[in-house]
Amino acid sequence: MGDADACVDNGCGGCEPLPTLGAPCGPCHVDELVCDGASAVVCDGDTACTGGPPAAPTGVTASDGDDSDAVTVTWSGSVGATAYRVYRDGAFAGQTEALAYDDDGAATPPAPAAVDDLVATGGITGIGLSWSEPPVADGAPSAYTVTAVGPGGESVASAPNTGFRGASPVVGYEVRLDTGSWVEGPSTPGLLLDAGWIARPEITGGTASASTDDAAGVRLAATGFGVTSAEVSASVRAVNGTGASDPSAAARAQWQAGTLTYTWSRGTSADGPFGAPRLTGATATDTTAVAGTTYWYELAVSAEGAVGVTAGPVSGRVPVPAPGCGDGVLSGSEECDGDVGRTSCATGSCNASCACVPVPTPPSGWAYIPPGPFTMGSPDGEVGYQGSDEAQHAVTLTRGFLLQTTEVTRSAWTAAGGSPSAFFFASAPSNAPAENIDWYAALAYANAVTTSPLTDCYAFTPSGCANDWQDGDTDNDGAECTSATWDRACTGYRLPTEAEWEYAARAGTTTATYRGNLQSPYGRDMQPNLEPIAWYGYNSAVTYAYCLNLSRLGGPSCAGTVAVGTRAPNAWGLYDMLGNVWEWVWDGYVSSLSPATDPTGPDGSDRVYRGGSWYRHAGYCRAAHRRGNAPWNRFNDLGFRLSRSVR
């Protein structure tokens, strides 16, 4: 039956063709190891056919960390094999008929290493936790061998090959607060512990009080309020397919809270409702309380990040004045009765002695500004609103005053002895406002135009330090002045206070400008309510030399100061209160103001100027907008106007 290379001895007395796996191969079917006697070769069917085990598999490889779930073992097949057995480190691991095997019983990759850089940081929004992803390690290596199994038995083992399961990646983190249970956390490093995790800071303690015996108003006071926030201890552990790491070292922090703020609301009964006026501050004075009426005040205390509280209500009242001056009734020789805005005069106002002060007839170029209460600042919904710097508060001016109807002009400056070299715009018209003027120079000018019998309002330290306004102050020598004082009893010319300036600018109105609100606070686009009354960055085109190009900001290509009094005045006859040049006032700059009667402003290293300018966009040209700067600074859009007390 063929040559020796083409057949094998079948054990039944003949040579049988070499077997092919899965197909009959002769009378004795060597591949099945039985002798069926169904061929011409005589065989009784009981004789066992002979055949040996398959050869050992070759090309065995085991994966090195390609998969964290299993080690994949592959090999080349052996002739005559019906199955293969895989051994791990000499121990049976599994059997397969394929030429590959996934060993999920290999050494499991370990859990992650512990997080070692956990940091806790307290802030207004909560406690921030930050850390880095910890390392993970591969499973332990094993030596793999494979045997082939056939009709003739199991082969010897293949040559060994080493493999291992890859590291199991971190799939998330668990967080433990203080000594509590572990809770599922983020899938990546970093977490904010906010109100979903920990308690917010709380405002604690404190009392509210209101006076009942002060003729100036109901004085409100909040005392003893504070913020408590428990320290939180947090630990983190990483989790992968094997399990969780050891806990990190604990990190500690507190949820922070912002500055305490106090808001007082008024009602007419202890049951409310509570509303306007809303006063702010740990101490405040309700100057609008009517004498003899009892009011109730509720205090809301809050701080960013904390749970706010409400205190009160507490009652307060302004006492009824004793009979006589200030009781609102004419008696005896009284011409009128009351100060603080109460008057019985047909004209004029009452002074502190309850005597009438007639309304003065203002000289040309001046307007009389009557006394009265007003709301200083702007509502937070006003276009251009600048935050707490402009917060609304009640102010009462009990004394009328005179105010120039225009800003001090270049010709007025030089006529008083001031040098024209001070000006930035050398060729601007003589009736344009004086600009590039520092605060000390404005005070010195006020003294210079005060003549007998009027008395000077200002004194300087050191004496005479501001005199160089007359030579233009070209080297800013005004910086040599260390301070200036105002004699409140003076009768001469002075700068208006900040409250007087805004009161006069509004002329009884409550909108952003005395003609109405703005449409947009930014850009130098035309504003319908500002265009007729102010020179600002949209309309301040000029033709003289040294003008500034505002075209890149939406303004004219040649802009500068414009002649005063050429835009519409307000109801009290005042021109250019908004725009043209900023105007210095007396007050030192502070970031917020409080309710007051006849305020004269704080001292301060910076001084206030108001009104916006030809250079600025519309949002600056509002009655409530405030700016501050060092008193010796000079700008080409900064000037002033004068006022004078009349009693």
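Above this text you will find the structure in question.
Read on for an overview of the structure. (Residues numbered from 1 in each chain as written. Predicted model: local features only at pLDDT ≥ 70, side-chain atom pairs only at ≥ 80, totals over all residues. Heavy atoms only, no water.)

### Focus on the overall build of the protein
Rules: Only DSSP runs of H or I reaching four residues or more are called helices, and only runs of E reaching two or more are called strands; each is numbered from the N terminus. Partly exposed describes any residue whose relative accessible area lies between the buried limit of under 20% and the exposed limit of over 50%, with all areas from a 1.4 Å probe on protein chains only and scaled to the type maximum. In what follows, a contact means two residues having at least one pair of non-hydrogen atoms within 4.5 Å. Computed with a 1.4 Å probe, the accessible areas rest on the Shrake-Rupley method; for each residue, only the protein chains presented here act as cover.
Looking only at helices and strands, the protein features three helices and 41 strands. Going through the 647 residues of the protein one by one, you find that 46% of them count as buried. Long-range contacts, defined as pairs at least 24 residues apart, comprise 63% of the intrachain contacts of the protein with a sequence gap of at least 6. Carbon together with sulfur atoms contributes 51% to the accessible area of the protein, which is approximately 28400 Å² in total.

### Re the packing of aromatic side chains
Aromatic ring pairs are defined here through the distance separating the ring centres and the angle between the ring planes. What counts here: Here the aromatic set is Phe, Tyr and Trp, taking the six-membered ring for Trp, and pairing holds for ring centres within 6.5 Å; pairs whose planes are under 30 degrees apart are stacked, those over 60 apart are edge-to-face, and all others are tilted. Geometrically, a lysine NZ or arginine CZ counts as sitting over a ring once it is within 6 Å of the ring centre and also within 35 degrees of the ring normal.
Using the criterion set out here, one finds 23 aromatic pairs in the structure. Judged by centre distance (6.5 Å) and plane angle (55°), the ring pair of Trp-413 and Phe-423 falls under tilted. Within this pair, whereas Trp-413 is found in helix 1 (residues 410–415), its partner Phe-423 is found in the loop between helix 1 and helix 2 (439–448), the two being separated by ten residues in sequence. Classification of Trp-413 as buried rests on a relative accessible area of 1%. Classification of Phe-423 as buried rests on a relative accessible area of 9%. Ring geometry for Phe-425 and Tyr-544: centres 5.7 Å apart, planes at 70°, overall edge-to-face. One end of the pair, Phe-425, is in the loop between helix 1 and helix 2; the other, Tyr-544, is in the loop between helix 3 (498–506) and strand 36 (582–588), with 119 residues separating them in the sequence. Between Arg-266 and the ring centre of Tyr-295, over which it is positioned, the NZ or CZ distance is 4.2 Å. Here the guanidinium or amino end of Arg-616 rests over the ring plane of Tyr-620, the centre of that ring lying 5.2 Å away.

### Quick notes on the sheet that holds strand 21 (residues 251–254)
Using the following cut-off: Between any two strands, at least two bridges found by DSSP are needed for them to pair.
The strand order across the open sheet formed by four strands is 14-13-20-21, and the pairing between neighbours is antiparallel. The open sheet has two edge strands with one neighbour each: strand 14 (183–184) and strand 21. In this sheet, strand 21 lies alongside strand 20 (residues 231–239) in antiparallel orientation, the contact comprising four bridges. The residue of strand 21 that forms the bridge with Ala-234 is Ala-251.

### Comments concerning the side chain of Arg-88
Rule in force here: Contacts described as polar in this section are N or O atom pairs within 3.5 Å, which, within protein, must combine one atom able to donate a hydrogen with one able to accept it, while residues neighboring in sequence count only if both atoms come from side chains.
Its place among the elements puts Arg-88 in strand 5 (residues 83–88). Polar contacts involving the side chain of Arg-88 include one to the main-chain carbonyl oxygen of Gly-105, which spans 3.4 Å. With near-sequence residues (within four places) excluded, Arg-88 lies in contact with Ala-93, Asp-103, Gly-105, Ala-106, Ser-142, Ala-143 and Tyr-144.

### As for helix 2
Buried residues dominate helix 2, accounting for nine of its ten residues. Those residues of helix 2 that fall on the buried side of the exposure criterion are Trp-439, Tyr-440, Ala-441, Ala-442, Leu-443, Ala-444, Tyr-445, Ala-446 and Asn-447. Residues of helix 2 that are buried make contact with helix 1, strand 33 (458–461), strand 34 (483–486), strand 35 (493–494), strand 36 and strand 38 (607–610). For helix 2, the capping residue at the N-terminal end is Asp-438, with a side-chain oxygen 2.9 Å from the backbone nitrogen of Tyr-440.

### Considering the pattern of salt bridges
This is how the line gets drawn: Here, a salt bridge means any side-chain nitrogen of Lys or Arg that lies within 4 Å of a carboxyl oxygen of Asp or Glu.
With the rule as written, the count across this model stands at 19 salt bridges. A salt bridge links Arg-237 to Glu-174, with the nearest nitrogen and oxygen atoms 2.6 Å apart. In this pair, Arg-237 is assigned in strand 20 and Glu-174 in strand 13 (residues 172–177), connecting sequence segments 63 residues apart. Across the pair Glu-498 and Arg-626 runs a salt bridge, and its minimum N-O distance is 2.6 Å. Within this pair, whereas Glu-498 is found in helix 3, its partner Arg-626 is found in strand 39 (residues 626–629), the two being separated by 128 residues in sequence. Each of the salt bridges in this network shares a partner with another, and the network as a whole consists of Asp-389, Glu-498, Glu-502, Arg-506, Arg-610 and Arg-626.

### A few points about the layout of surface pockets
Put simply, the test is: Cavities and pockets were defined on a 1 Å grid built over protein atoms only: a cavity is a set of grid points that admits a 1.4 Å probe from which the probe cannot escape, a pocket is an open set flanked by protein on both sides within 12 Å along at least five of seven lines, and lining residues are those with an atom within 4 Å of any such point. Grid points are joined across faces, edges and corners, and a volume is the space filled by probe spheres set on the points. Three classes are used: nonpolar for Ala, Val, Leu, Ile, Met, Phe, Trp, Tyr, Cys and Pro, charged for Asp, Glu, Lys and Arg, and polar for all others, with Gly counted as polar.
Reported here for the largest pocket is a volume of approximately 540 Å³. Arg-278, Thr-280, Ala-391, Gln-392 and His-393 are the residues nearest the centre of the largest pocket, which is lined by 20 residues in total. When residues of the lining of the largest pocket are traced back to their parent elements, those giving at least two are strand 23 (275–280) and strand 31 (393–397). The greatest single-element share of the lining of the largest pocket, amounting to five residues, is contributed by strand 23. Taken together, the residues that form the lining of the largest pocket break down as nine nonpolar, nine polar and two charged.

### Examining helix 3
Of all nine residues in helix 3, nine are buried, a share of seventy percent or more. Turning to helix 3, its buried residues are Glu-498, Ala-499, Glu-500, Trp-501, Glu-502, Tyr-503, Ala-504, Ala-505 and Arg-506. Looking one or two places after helix 3, you find Ala-507, whose phi comes out positive at around 50°.

### Some points on the sheet that holds strand 23
The strands that make up a sheet are held in pairs by hydrogen bonds between backbone atoms, and each pair lies either parallel or antiparallel. Basically, it comes down to this: A fitted line through C-alpha atoms represents every axis, and for helices the fit uses only the stretch in contact; the resulting angles, taken between N-to-C directions, go from 0 to 180 degrees.
Spatial ordering of the open sheet is given by 23-22-25-26, a layout of four strands whose pairing is antiparallel. Two strands in the sheet have a free side with no partner beyond their single neighbour: strand 23 and strand 26 (309–317). If you compare each strand with its neighbour and ignore which way they point, the axes differ by 25° on average. As judged from the three bridges shared by strand 22 (residues 261–267) and strand 23, these two strands associate in the antiparallel manner. Bridge pairing in strand 23 places Thr-263 opposite Thr-280.

### What to know about the nonpolar core
This is how the line gets drawn: Buried Ala, Val, Leu, Ile, Met, Phe, Trp, Tyr and Cys residues form a nonpolar core when they are joined through side-chain atoms within 4.5 Å.
In this structure, Trp-413, Ile-437, Tyr-458, Phe-460, Leu-495, Phe-640 and Leu-642 are the most contacted members of the largest nonpolar core, which totals 37 residues. Mapped onto this core, the elements with two or more residues apiece are strand 29 (366–369), helix 2, strand 33, strand 34 and strand 36. Apart from the residues lying within four places of it in its own chain, the contact partners of Phe-460 are Tyr-440, Leu-443, Ala-444, Asn-447, Cys-465, Ala-466, Ser-483 and Ala-484. Ile-369, Phe-374, Leu-530 and Ala-618 belong to the second largest nonpolar core, which has 26 residues in total.

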